[in-house]
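An overview of the molecular structure
Each chain is listed here by its residues.
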Amino acid sequence: MRGPENVMHPHHILRVLFTADDIAGRVDALVGEIGRTCAAGSLVLVGILRGSFIFFADLVRGLFYHHLHPRIDFTLLQSYGSGTESSGTVEIERDISVDVRGTEVVLVDDILDTGRTLHFAVELMYAKGARSVKSCVLLDKPSRRVAPISADFVGFTVEDVFVVGYGLDYDSYYRELPYIAELTFTHPGAAGGQ
Ligand code: XMP
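Turning to the pattern of salt bridges, a few remarks are in order. Tallied over the entire structure, the rule returns 12 salt bridges. The shortest N-O distance in the salt bridge between Asp 113 and Lys 141 comes to 3.8 Å. On the criterion of sequence distance, the pair formed by Asp 113 in the loop between β5 (104-112) and α3 (116-127) and Lys 141 in the loop between β6 (132-140) and β7 (153-157) is long-range, its members being 28 residues apart. Of the two residues, Asp 113 and Lys 141, both sit in the buried class.

Right under this line is the structure:
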């Protein structure tokens, strides 16, 4: 049993949506899908920071067991500040350094929400000369979509609630949770109070 769902939650956690066991099972399945779909030769995995860091680490270790040994890089894209709403614009705070010309890129992000971040990242990889660009997200919130994009590999679909854990944060808190949970803003002093 991996999930320490019986440990005390930090306050503001309303309910656990996906346990550590649930996540591990989906990550294994996604690794299988990527392994079957992507060619081993020119694969570059690009993690979109910061929220994808735990998901990314689990994915690439899984790919090892599928004999996929991609080059790995990260980009830090910023679509909103410390609140819960993305702004309309996406900015590159840290660009990739791997040359992706002629390669098969798989972008990895924590959550596909309005889609602005991933849409921007896909266009960016094509502009850099990638031969193909696919995307893998742990969570998909289709009801919030603004940009014309869907992910090629999706872990879980979620309703329109704000989620934290397994890399996802609220104001840089909660990333360390081994599970994914819904955050409540009804607790006294929650939103903006940290
Ligand atoms: P867009 O709207 O561009 O957003 O698809 C992508 C980024 O927004 C963040 N995001 C969230 N972070 N819980 C979080 O912790 C959420 O429910 C949530 N929704 C969006 C996230 O960083 C993602 O990469």
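From this point, the narrative continues.
Surveying the vicinity of the ligand reveals 16 residues, the closest of which are Asp 110, Thr 114, Thr 117, Val 163 and Asp 169. Here Asp 110 contributes a side-chain N or O atom positioned 2.7 Å from an oxygen atom of the ligand. Asp 113 places a polar main-chain atom, nitrogen or oxygen, 2.9 Å from an oxygen atom of the ligand. Considering the ligand on its own, with 500 Å² of exposed area, one finds that the protein chains cover 93% of that surface. For the shell around the ligand, the leading source of residues is β5, giving 3 residues. Broken down by class, the residue content of the shell around the ligand amounts to 6 nonpolar, 4 polar and 6 charged.

Read across the open sheet, the 3 strands follow the order β1-β9-β8; overall the sheet is antiparallel. The open sheet has two free edges, formed respectively by β1 (13-18) and β8 (163-164), since each of these has just one partner strand. Two elements, β8 and strand β9 (residues 180-183), share 2 bridges in a ladder whose sense is antiparallel. Along β9, the bridge assignment pairs Val 164 with Ala 181.

Before going further, it helps to examine the sheet that holds strand β2 (residues 43-49). Taken in spatial order, the 6 strands make up an open sheet running β4-β3-β2-β5-β6-β7, and their pairing is mixed. In this open sheet, the two edge strands, each paired with only one partner strand, are β4 (91-94) and β7. Within this sheet the neighbouring strands show an average axis-to-axis angle of 30 degrees, counted without direction. Pairing between β5 and β6: 8 bridges, direction parallel. Paired with Ile 111 across the bridge in β6 is Leu 139. Lying over the sheet, helix α1 (residues 20-37) contacts β5, β6 and β7, oriented at roughly 160 degrees with respect to β7.

Here is what the cut-offs are and how they apply
- Residues numbered from 1 in each chain as written.
- Predicted model: local features only at pLDDT ≥ 70, side-chain atom pairs only at ≥ 80, totals over all residues.
- Heavy atoms only, no water.
- Salt bridge = Lys/Arg side-chain N within 4 Å of Asp/Glu carboxyl O.
- Helix = DSSP H or I, 4+ residues; strand = E, 2+ residues; numbered from the N terminus.
- Buried < 20%, exposed > 50% of the residue type's maximum accessible area, 1.4 Å probe, protein only.
- Near = heavy atom within 4 Å.
- Polar contact = N/O pair within 3.5 Å; in protein donor to acceptor, adjacent residues only side chain to side chain.
- Areas by Shrake-Rupley, 256 points an atom, 1.4 Å probe, with all protein chains shown as cover.
- Nonpolar A, V, L, I, M, F, W, Y, C, P; charged D, E, K, R; others polar.
- Pairing = 2+ DSSP bridges.
- Axes fitted to C-alpha atoms, helices over the stretch in contact; angles between N-to-C directions.
- Contact = heavy atoms within 4.5 Å.

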